[in-house]
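Descriptive structure summary
Each chain, written out:
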Amino acid sequence: MDREYAWNLLCHWTEGDSLRKHMLAVEAAMWDYARYFGEDEEKWGITGLLHDMDYEKHPTPDEHPMVGVRELRSQGYPEDVLHAIEGHADYLDTPRDTLMSRSLYAVDELSGFVTACALVRPEGLSGMKAKSVRKKMKQASFAASVNREDIVNGAEELGVDLDEHVEFVISALQRRSSELGLAP
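A quick note: this is a predicted structure, and the numbers were derived from the prediction, not measured.

Structural notes on the overall build of the protein chain
Assigned secondary structure in the protein chain consists of ten helices and zero strands. Along the protein chain, helices and strands appear, N-terminal first, in the series α-α-α-α-α-α-α-α-α-α. Taken against the 2.2 N^0.38 rule, which gives 16 Å for 184 residues, the C-alpha radius of gyration of the protein chain at 15 Å falls within 12% of a compact globule. Projected onto the principal axes, the alpha-carbon positions of the protein chain cover approximately 45 × 35 × 30 Å. Buried residues in the protein chain amount to 49% of all 184 residues. Considering only residue pairs separated by 6 or more positions, the protein chain has 65% of its internal contacts joining residues 24 or more positions apart. Entry remark: accessible area of the protein chain is about 8,600 Å², with carbon and sulfur atoms responsible for 48%.

Notes on the pattern of salt bridges
Across all of its chains, the model carries 14 salt bridges by this definition. Here glutamate 41 makes a salt bridge to arginine 35, at a shortest N to O gap of 3.3 Å. Of the residues examined, arginine 35 reaches a relative accessible area of 44% and is grouped as partly exposed. The partner of aspartate 90 in a salt bridge is arginine 96, and the shortest N-O contact between them spans 3.0 Å. Through salt bridges that share partners, Arg3, Glu27, Arg176 and Glu179 make up one connected network.

Here we look at the packing of aromatic side chains
Between two aromatic rings, the relevant description is the distance of the centres plus the angle of the planes. Within the structure shown, the criterion is met by seven aromatic pairs. Summarising the aromatic geometry, the rings of tyrosine 33 and phenylalanine 37 are spaced 5.6 Å apart at their centres and angled 15° between planes, so their arrangement reads as stacked. Residue tyrosine 33 and its partner phenylalanine 37 are located together in helix H2 (residues 17–37), separated by four residues, close to a single helical turn. Among the residues examined, tyrosine 33 registers a relative accessible area of 2% and is labelled buried. A ring pair is formed by tyrosine 36 and phenylalanine 37, whose centres lie 5.0 Å apart and whose planes are at 75°; its orientation type is edge-to-face. Note on tyrosine 36: relative accessible area 55%, which makes it exposed. Judged by its relative accessible area of 27%, phenylalanine 37 falls in the partly exposed class. Taken together, the ring pairs in this structure connect Tyr33, Tyr36, Phe37, Trp44 and Phe168 into an aromatic cluster. A cation over a ring is seen here: lysine 57 above tryptophan 13, with NZ or CZ 5.9 Å from the ring centre. Here the guanidinium or amino end of arginine 96 rests over the ring plane of tyrosine 105, the centre of that ring lying 3.5 Å away.

Considering a negative patch on the surface
Side chains of Asp2, Glu4, Glu39, Asp40 and Glu42 sit close together on the surface and give a patch of like negative charge. You can see aspartate 2 is positioned in the segment before helix H1 (3–13). Take aspartate 2: its relative accessible area is 42%, and that puts it in the partly exposed class.

Section: the side chain of aspartate 32
If you trace the backbone, aspartate 32 turns up in helix H2. Judged by its relative accessible area of 7%, aspartate 32 is buried. Those residues in contact with aspartate 32 that sit more than four places away from it in its chain are Phe168, Ala172 and Arg175.

What about the environment of glutamate 56?
With respect to the helices, strands and loops of the structure, glutamate 56 is situated in the loop between helix H3 (41–50) and helix H4 (66–74). Assessed through its relative accessible area of 34%, glutamate 56 is described here as partly exposed. Other than its neighbours up to four places away in sequence, glutamate 56 contacts Trp13, Thr14, Glu15, Gly16 and Leu19. Within the structure, glutamate 56 has its side chain in polar contact with the backbone nitrogen of glutamate 15 (distance 2.8 Å).

Rules behind the numbers
- Residues numbered from 1 in each chain as written.
- Predicted model: local features only at pLDDT ≥ 70, side-chain atom pairs only at ≥ 80, totals over all residues.
- Heavy atoms only, no water.
- Helix = DSSP H or I, 4+ residues; strand = E, 2+ residues; numbered from the N terminus.
- Rg over C-alpha atoms; globule rule 2.2 N^0.38 Å.
- Buried < 20%, exposed > 50% of the residue type's maximum accessible area, 1.4 Å probe, protein only.
- Contact = heavy atoms within 4.5 Å.
- Areas by Shrake-Rupley, 256 points an atom, 1.4 Å probe, with all protein chains shown as cover.
- Salt bridge = Lys/Arg side-chain N within 4 Å of Asp/Glu carboxyl O.
- Phe/Tyr/Trp six-rings, centres within 6.5 Å; stacked < 30°, edge-to-face > 60°.
- Lys NZ or Arg CZ within 6 Å of the ring centre and 35° of its normal.
- Patch = residues over 30% accessible without salt bridge, like charges linked within 9 Å, V, L, I, M, F, W, Y side chains within 5 Å.
- Lys, Arg positive; Asp, Glu negative; His and termini not counted.
- Charge placed at Lys NZ, Arg CZ, Asp CG, Glu CD.
- Polar contact = N/O pair within 3.5 Å; in protein donor to acceptor, adjacent residues only side chain to side chain.

Now the structure itself:
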């Protein structure tokens, strides 16, 4: 698995800047969780990077993420990566029975929500705390497409405290804030 190849593959499948940035954010969080759990950082990062590669062209539950999974399988990506990508879609009923699949599910919606929070702050991600993110989670009209229940369930499935999980993801994204367009 090669990160540059994965990035080029993602760019071939996804033209939209905001979806690309979402996948970069998930990659950052996955990379940091891999380091935290003593796992393969590159493999976990690439899993996060490619998890939504087919979403722009195939956004329906009938196709996403299975079109992308088929493409990755044809290119020889490992089954544990494909399993994690399948597991991030609740409607597939793929069991999240690995640490990588639970981590991907846990960081996916939260990365999007943290990004939304940063976009409305003049200072972006700088100085962001879990408390402010949790406060925004209570506002149903804010980033309404983000499923708050998935965020809570993701932390529970991963076995981490929600506030600590939010802080962890914020920290992961802060290290890539310039690339994500979330620097002050």
